[in-house]
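Structure at a glance
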Amino acid sequence: MLTVKENLKEVLTGGNPDRFIKQFEFMQMIMSVPSCRIKPAIGEEVVNEWGVTVRWPEGQLGSFPVHDADHILLKDVTQWRDYVKAPNVVFPAEAWEKAIADAKAVDHDNQYVTAFIAPGVFELTHYLMGMENALMSFYEEPEAMVELIDYITEFELAYAKELVTYLKPEVIFHHDDWGSQISTFLSPAMFEEFFLPAYKKIYGFYKENGVELIVHHSDSYAATLVPNMIEMGIDIWQGVMTTNDMPKMIKEYGGEITFMGGVHSGIIDHPTWTKEQIEEEFARACRECGKLYFIPGACQGMGVSSFPGVYEASDVAIDKMSKAMF
């Protein structure tokens, strides 16, 4: 029986895996890294490290920035230098000791030491100014948007330098949602113009400094961006929704990129979930997508579920399909 990492490499390279990879089993997130991130708990409102007000209302599954007139940080992108100040990412060596110890304790036969990064470059633009303002600014003030994206990119690269110096991650798990369920937020041409250069710098830096795999989360439709994903160095696109034609993408791009997802979290991850529903969804995904260049999972952006038991039941369903198909 192959180790998890051996099995993953067979999946990524079109080899001979002996079972399906189960969701996030190959990544060990090191969450003890020193961080500037300020996040609200359920029911809280905070001002985060960029000066953005973020709120997590009771009864909601996550937090989101507040962009009404009283809270929005950046109202005019041409004035970004006056309002946008990147947080400090340089911490003393002793602040990294817990993370380094946690990385050493990882089961290195089966898991990669993984650094978690969020929000991404696009997400940060709309955190700062709101989604509508951000999207309009790509048309109305493209020069200012390029400047802001360059500034965010330099912030990411500064943090990347600290990560590779102290933690030495083997995998980067990077969040940046690039679309809704049915469309990308930007056309492929605009995405290529504004974001491909930024991510080539960021992911290129990681690859040049010992990172083996780039796993990018975007739980959205993004099939039209896959060529850009490949060019910027993404190895695994995680969060692939069923609105993307996964079998077609695997056939067209398998060998250049691997797709992780295939099950819509909204269908299985809810208060009245059932084992039968979860098994049905994973059976469909595994049979449609096959054994290579595909990792079955829900589109949730971490190895968790919103409702207790769903993630674990999904692992069981994947095991069942491994027995059926391998």
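We now turn to the structure provided with this report. Note that this is a predicted model, so its numbers are computed, not measured.

1. Considerations on unusual backbone geometry
The peptide bond linking Ala118 to Pro119 adopts the cis configuration, its omega dihedral lying at -5°. Locating Pro119 in the fold gives a position in the loop between strand S5 (112-117) and helix H4 (121-129). Its identity as a non-glycine residue notwithstanding, Tyr293 has a phi of 60°, on the positive side. The topology assignment puts Tyr293 in the loop between helix H12 (275-289) and strand S10 (294-298).

2. Section: the nonpolar core
Across soluble globular proteins, nonpolar side chains have a tendency to be buried as a group. Grouped together as the largest cluster of nonpolar side chains are 90 residues, with contacts concentrated most on Leu167, Tyr206 and Phe259. Considering every element that reaches this core, the biggest residue donor is helix H6 (residues 142-166), with 11 residues. Phe259 has contacts with Val226, Trp237, Val240, Met246, Met249, Ile250, Tyr253, Tyr293, Phe294 and Ile295, leaving out every residue within four places of it along the chain. Core analysis: the second largest hydrophobic core is formed by 20 residues, Phe24, Phe26, Leu213 and Val215 among them.

3. Topic: the pairing of strand S7 (residues 213-217)
Most of S7 sits inside the fold, with 5 of its 5 residues counted as buried. Burial of the side chains of S7 extends over both faces: Leu213, Val215 and His217 are buried on one face and Ile214 and His216 on the other. Here strand S6 (residues 171-175) runs beside S7; their pairing, made up of 5 bridges, is parallel. Note that in S7 the partner of Phe173 across the bridge is Val215. The pairing of S7 with strand S8 (residues 236-240) spans 3 bridges and is classified as parallel. Paired with His217 across the bridge in S8 is Gln238.

Conventions we followed
Residues numbered from 1 in each chain as written. Predicted model: local features only at pLDDT ≥ 70, side-chain atom pairs only at ≥ 80, totals over all residues. Heavy atoms only, no water. Helix = DSSP H or I, 4+ residues; strand = E, 2+ residues; numbered from the N terminus. Core = buried A, V, L, I, M, F, W, Y, C linked by side-chain atoms within 4.5 Å. Buried < 20%, exposed > 50% of the residue type's maximum accessible area, 1.4 Å probe, protein only. Contact = heavy atoms within 4.5 Å. Pairing = 2+ DSSP bridges.

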